[in-house]
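Geometric and topological summary
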Amino acid sequence: MARNEDNGFSEWGGYFEAKKSKLEEQFAAASDPFRKSDLFEGISIFVNGRTDPSADELKRIMMVHGGTFHHYERSHTTYIIASVLPDVKVRNMNLSKFIGAKWVVDCLAKGKIVDYKPYLLYTNQKTSQPKLIFGKPKDSSANESKLDVDVEPPKDKTPMEVDSSKDEMQMELGGILKELQQAVATSPAKETSVSDGKITNLSATSSNSTTARTAADPNFLSEFYKNSRLHHIATLGAGFKQYVCQLRLDHGSQGFPKRETLKSLARAQRDGSERYVMHIDMDCFFVSVGLRARPELRGQPIAVTHSKGGNAATDVPVHPQADRKAELELFAQRFEHQFHDGDKAEKVRSGFEKKMSLSEIASCSYEAREKGIRNGMFVGQALKLCPELKTIPYDFEGYKEVASTLYDTVAQYTLNIEAVSCDEMFVELTDLVCELNVDVMAFVSHLRQEVHAKTGCPCSAGVAGNKLLARMATKEAKPNGQFLLDAKKDILAYMAPMSLELLPGVGSSMSHKLKLAGLNNCGDVQNSSLEKLETVLGKKLGQNLFQNCKGIDDRPLAYEQTRKTVSAEMNFGIRFTKSAECEQFLRQLSEEVTKRLVEIKRKARSINLKIMVRAAEAPVETSKYMGHGVCDTINKSSLIKHATDDVNVITSLVLNLMKEADLPPHELRGIGIHLTKLEDASEVRKENIIMQMFGKMSEMKKVVDKPVTQGTVAEKPTGDDKANKPAVVEAKPKPREPRNVMSMLTAAAESRKRDQLSEDKGQKETPKPKTRVVPLEPKLDEDVLAQLPEDIRLEVLAHREEYLSIAECGGKVRKPAPPRYPTLNSPPLSKRNRSPNVSPLNASDLKPSTSRAAVARMQRRTDRKEQEQGIRSDQIVADYIEDLPKFVNPNILKIIPKPKLPELLMGANYKDLLNEWVSREEVPKPTDVDLIHQQVSHMISSDQLDHMYDVMKYLCRIINAKRSSSCCWHLAYKHIEENIQSQVLKIEGYNLLFIENIRCMKCT
């Protein structure tokens, strides 16, 4: 009999899942009247088989003391209580959660949660965090024998504890051995022995190892991403954004049966027109998930990190060629002066002490925060502040499981979800509250309790009228609470004392600029003017911050988010000795980023190669093992003509960009590939469809281009004609002249000059009717037009002239011609005088000077032009205008209008002009720099400071992006900026604060 999927339980994942959820809800409701303590809060058990105490007794214990009893084993079950297991389960199951019932009894007797490890049914499970092991040794037995340590079991320890300590000791000794091998392999004096003499023959041991230590090893990249913690964390957030999109797509117009359970909640007492946005965030997410399997550590200072903590974090082996003191000062100077981040500078100064662990803390508990520990702090520094700090490893499967449960729980009630990360989201509650007429905070409380019951992890939630205030309300709710920021509250007074760094988008660099302008909190911004803020930050950023400081945020929730970038980056283990190793790694990294692009079904049109190069003053070896150290970052980008997901195309572009950078491979410390301007892989571009329509017209155009002799019929050439026909020498194309800004100024002048010369020549010569070109006006092919889809056909008909011009170009889309600016008026020549009364001058007054100086000047100009391969039209115009007063009678200058400065940068296409200028010129020409300066100065004098600010900001950005290593461009920009500052100071009486700065350590 076929299974009926449409049975009304699809919202819960089927009938059986709905049954499990119902049993949990019934247990939670039944246990409330009998609860006496919260001893087992956050702990859930499932009883497998016969136990002592029995399953019914264990169920009553959990009901009375705040625990959860699962009738069926769930993925989030904390422990499985059993007495014995069959052999097949022992061999095939993860036994780390199977414990004896005596654990529950002992917890009740002692009144606290005790360590579960002594109660494990089977002790062949390792409880220590596994290390990253890139590859396996060729002779594993030989290497294991070298690391074998005989440990005598102490009398006061169980065999299980001895096995665990032995494993940890072996791993610790293995790590020390690898560090010493690296030191010996890279130290100039390889024969130096270890001081304590306990480990010998290191060189022989190192030669037998095939561990993938650096990116030069072919297996390094695959092994790193397979085991990298940071890689898993980074992909979780993007994955859940896609997950929400898929949920909305699959749900369609179905209802939410789970909403029926909300009708028993308190009724709404507020105005139904209010908007409610909830921001929900898990508390200390990594710590909360890790404590599910370690309930005995609750209430203690906990940190999630790579390091094991203890003595191992305060006495870390350091490479003999590393200089921690020098690296500390370099990092601190960059953080303070270049990034204006005092927190990071202080972190480095206090955490770079000798032999202290540089492993960073990903998350810490609130008990640890009370001791002064913060997320991102070095473990060595944290242990100085709190010696009793406990460290636990990452649990990526647990993070994914809890995050999935969180999203699935919210999705039972609404799909108006904006995913922020794996443990954080915004939810639009307005429709839900209005439809059910329930109190919004009653629903939030119900949801938080359900999430805690299913995951065992606490969460906090804030509710307000927009996303900004909802996030602020969550800060008030933490930890493990909820807060409603009522719209009736004085929002301006509430926001006034808030630090600007708490607002979204305000980082260390922006905060530094605001502090220089005397703006430290939201109240300062409220009392300031919008014009001042726009001067400091720019128009867009200034307006956003001005609104946010007043609690105004009009952004809607982004329910369906599409990926805008795909990247793969590596700044650990990058150590190359030759170019071949670098090329091999680039090919592997290109394959990795292309695989990620294909997985999300997108194609890229732009590629950026990020290269981290060791700073000239930085030590060769870093304080952190195989870290990147102090680096300079270089970015090389390239546009792709057609969007692609072809690994060969992407690899070729990456290799070309690296070749352009021309960097020594041994100085590289980090490489990243970023793909942007993404398009759907299934999307068919309209241009390609329409191009096919003009195939016939391009063929017709080729026929039109051939001249036809009037009165004769073209005959096919005979063999004799071919023999007598002289050989045609194919002309070589002229080299392409470099374009610049001035060339755009004279485009119109040259065109008019050619038209005038052809007109004058046509008046003197009588046209000879030798040949006649028969024009054939291109037309749209009606047959092809009728076959096009309705929307495309209407678009073609609406822009008929544009598509006909495409056909005239042979089916190729022409780039828009540069703007035609007002041309310079030429001096009136005698033949252009229509009436003798127009000017009182004689014909002799119009002749150029015949002095020796004038003749010599003309000769020098002629010689200079002959030496140039291509004549620059902009120089012709410049010389013409400059020398005009010297060659023309002064009286004629009175009737010649002065040339008006073309407003090149005032149009909407100023970004295209600046981008083309910076991209084409390796070194900026002084004439171009002067022209840009004139344009910007004209904006200042015409009181257009806002537009001038946008022009300078964009110019600085593209110079940083495309000419980051060219100090000539940096000096040119600074020359323009200095002149602007002096001009503004003279006119307005103050200097401008530009948000963008040239990021070059050499120039600064």
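What counts, and at which threshold
- Residues numbered from 1 in each chain as written.
- Predicted model: local features only at pLDDT ≥ 70, side-chain atom pairs only at ≥ 80, totals over all residues.
- Heavy atoms only, no water.
- Helix = DSSP H or I, 4+ residues; strand = E, 2+ residues; numbered from the N terminus.
- Buried < 20%, exposed > 50% of the residue type's maximum accessible area, 1.4 Å probe, protein only.
- Areas by Shrake-Rupley, 256 points an atom, 1.4 Å probe, with all protein chains shown as cover.
- Salt bridge = Lys/Arg side-chain N within 4 Å of Asp/Glu carboxyl O.
- Axes fitted to C-alpha atoms, helices over the stretch in contact; angles between N-to-C directions.
- Parallel < 35°, antiparallel > 145°, perpendicular 65-115°, else oblique.
- Left-handed = near helix turned anticlockwise from the far one by under 90°.
- Contact = heavy atoms within 4.5 Å.
- Nonpolar A, V, L, I, M, F, W, Y, C, P; charged D, E, K, R; others polar.
- Pairing = 2+ DSSP bridges.
- Core = buried A, V, L, I, M, F, W, Y, C linked by side-chain atoms within 4.5 Å.
- Polar contact = N/O pair within 3.5 Å; in protein donor to acceptor, adjacent residues only side chain to side chain.

Across its full length, the chain holds 40 helices and 18 strands. When the 1004 residues of the chain are sorted by exposure, 41% land in the buried category. Carbon and sulfur atoms form 52% of the exposed surface of the chain, whose accessible area is close to 57100 Å².

Let's shift gears to unusual backbone geometry. In the segment running from Asp52 into Pro53, the intervening peptide bond is cis, with an omega of 5 degrees. Its place among the elements puts Pro53 in the loop between β1 (44-47) and α2 (55-64). In this model, Lys478 is joined to Pro479 through a cis peptide bond whose omega is -5 degrees. For Pro479, the location among the structural elements is in the loop between α18 (467-477) and β12 (482-484). With phi around 55 degrees, Asn480 is a residue other than glycine that occupies positive phi space. Looking at the secondary structure, you find Asn480 in the loop between α18 and β12. A positive phi angle is found at Lys601, which is not glycine, with a value near 60 degrees. For Lys601, a relative accessible area of 63% gives the class exposed.

Tallied over the full model, the rule gives 28 salt bridges. Residues Glu921 and Lys925 are paired through a salt bridge, measuring 2.7 Å at the closest nitrogen-oxygen approach.

This part covers the packing of helix α38 (residues 926-941) against helix α40 (residues 967-987). At a minimum axis distance of 10 Å, the contact between α38 and α40 shows a crossing angle of 25 degrees. Of the possible angle classes, the one that applies to α38 and α40 is roughly parallel. Seen from above, α38 lies across α40 with right-handed handedness. From α38, Val929, Ile932, His933, Val936, Ser937, Ile940 and Ser941 reach across to α40, where they touch Ala972, His975, Ile976, Asn979, Ile980, Gln983, Val984 and Ile987. Considering only residue class, the contact of α38 with α40 consists of nine nonpolar, six polar and no charged.

Attention now goes to the sheet that holds strand β13 (residues 566-570). Strand-to-strand pairing in sheets goes through backbone hydrogen bonds, with the strands running parallel or antiparallel. Ordered by their spatial adjacency, four strands build an open sheet running β13-β16-β14-β15, and the pairing between neighbours is antiparallel. Each having just a single partner strand, β13 and β15 (631-644) make up the two edges of the open sheet. Along the sheet, successive strands turn relative to each other by an average axial angle of 15 degrees, direction set aside. Across five bridges, β13 lies against strand β16 (residues 668-680) in antiparallel orientation. When the bridges of β16 are listed, Met570 appears paired with Ile671.

Counting residues in each nonpolar core, the largest one holds 60 residues, and the members touching the most others are Met495, Leu500, Leu503, Leu514, Leu914, Met948 and Ile980. Ranked by residues supplied to this core, first place goes to helix α39 (residues 945-962) with 10 residues. Setting aside chain neighbours within four positions, we find Ile980 in contact with Val936, Ile940, Met948, Met952 and Phe994. Core analysis: the second largest hydrophobic core is formed by 49 residues, Val304, Val402, Tyr413 and Cys459 among them.

Take α2 next. Burial in α2 covers these residues: Leu58, Ile61, Met62 and Met63. Just downstream of α2, Gly66 is the residue with a positive phi angle, here 85 degrees.

Our next topic: the sheet that holds strand β7 (residues 361-364). An order of β7-β6-β8 is seen for the three strands of this open sheet, with the pairing classed as mixed. At either end of the open sheet lies a strand with only one pairing partner, and these are β7 and β8 (390-392). Direction aside, the axes of adjacent strands within the sheet are offset by 35 degrees on average. Here three bridges tie strand β6 (residues 302-305) to β8, and the two strands are oriented parallel to one another. When the bridges of β8 are listed, Ile302 appears paired with Lys390.

On the secondary structure map, Ile302 appears in strand β6. Separated by 87 residues in sequence, Ile302 and Leu389 have C-alpha atoms that sit 5.9 Å apart. Filtering out sequence-adjacent residues up to four positions away, Ile302 remains in contact with Val287, Leu291, Leu297, Ser363, Cys364, Ser365, Ala368, Leu389, Lys390 and Ile392.

Turning our attention to the environment of Arg614. Following the sequence through the fold, Arg614 ends up in strand β14 (residues 602-614). Judged by relative accessible area, Arg614 falls into the buried class, the value being 16%. Non-local contacts of Arg614, meaning those with residues more than four positions away in its chain, are made with Pro619, Val620, Val630, Cys631, Glu667 and Arg669. A distance of 2.6 Å separates a polar side-chain atom of Arg614 from the backbone oxygen of Ala618. Of note is the side chain of Arg614, whose polar atom sits 2.7 Å from the side chain of Glu667.

A separate point is the pairing of strand β5 (residues 277-282). Consecutive residues of a regular strand have side chains that alternate between opposite faces of the sheet. Across the six residues of β5, six count as buried, placing the element largely inside the fold. Judged by which residues are buried, β5 turns out to be covered on both faces: Val277, His279 and Asp281 on one side and Met278, Ile280 and Met282 on the other are all buried. Summarising the sheet, β5 and strand β10 (residues 424-428) pair through five bridges and their orientation is antiparallel. When the sheet's bridge partners are listed, His279 is paired in β10 with Phe426. Of the strand pairs in this sheet, β5 and strand β11 (residues 459-464) are connected by six bridges, and their pairing is antiparallel. In the strand pairing of β11, Asp281 is matched with Ser460.

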